[in-house]
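Each chain, written out:
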Amino acid sequence: NRVGDHTKLRKLLTEQEAEISILEEELEKMAAVAGECSSRSLHAEERLAEREAECGNLSLKLDAASREVLSLKQQVAILEERAHNLTMLADDVGSASKEDVQAAKEQM
């Protein structure tokens, strides 16, 4: 009876050792997959940081371009006002004296 029990225990121990070996192999595979995931994650984080930096640069460029557009619009408005004044001056030249024309030019 003891021999039978001993054989059963030995068989159970062998089965458990085989199961442990399989689990260790699976654990090694999981560790390899985890390492690959970690590497991919780091690479993705680096790419994200690069894209964020690019977006920051583009945002600065957009702000500068917007300010330039605003400045150009202001310059156009000034030029339009001057053109209007010159047109009015040209209309008045026929009826104004030379001194009036000179005074109007200085005022502009």
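The subject of this paragraph is the overall build of the protein chain. A tally of helices and strands in the protein chain yields two helices and zero strands. Its C-alpha atoms give the protein chain a radius of gyration of 43 Å, more than 25% over the compact-globule value 13 Å for 108 residues. Its C-alpha atoms give the protein chain principal-axis dimensions of about 140 × 15 × 10 Å. Expressed as a percentage of the 108 residues in the protein chain, the buried residues total 2%. Entry remark: accessible area of the protein chain is about 9,900 Å², with carbon and sulfur atoms responsible for 58%.

Bringing the pattern of salt bridges into the picture now. Under the definition given, this model contains three salt bridges. Note that Glu 54 is salt-bridged to Arg 51, the shortest N-O span being 3.7 Å. Of this pair, Glu 54 and Arg 51 both sit in helix 1 (residues 2-93), three residues apart, roughly one helical turn. Residue Arg 51 is classed as partly exposed on the basis of its relative accessible area, which comes to 43%. Each of the salt bridges in this network shares a partner with another, and the network as a whole consists of Glu 50, Arg 51 and Glu 54.

The next thing to look at is a negative patch on the surface. A contiguous patch of negative charge on the surface is contributed by Glu 24, Glu 25, Glu 26 and Glu 28. Structurally, Glu 28 is set in helix 1. We classify Glu 28 as exposed; its relative accessible area is 58%.

Scoring rules and cut-offs
- Residues numbered from 1 in each chain as written.
- Predicted model: local features only at pLDDT ≥ 70, side-chain atom pairs only at ≥ 80, totals over all residues.
- Heavy atoms only, no water.
- Helix = DSSP H or I, 4+ residues; strand = E, 2+ residues; numbered from the N terminus.
- Rg over C-alpha atoms; globule rule 2.2 N^0.38 Å.
- Buried < 20%, exposed > 50% of the residue type's maximum accessible area, 1.4 Å probe, protein only.
- Areas by Shrake-Rupley, 256 points an atom, 1.4 Å probe, with all protein chains shown as cover.
- Salt bridge = Lys/Arg side-chain N within 4 Å of Asp/Glu carboxyl O.
- Patch = residues over 30% accessible without salt bridge, like charges linked within 9 Å, V, L, I, M, F, W, Y side chains within 5 Å.
- Lys, Arg positive; Asp, Glu negative; His and termini not counted.
- Charge placed at Lys NZ, Arg CZ, Asp CG, Glu CD.

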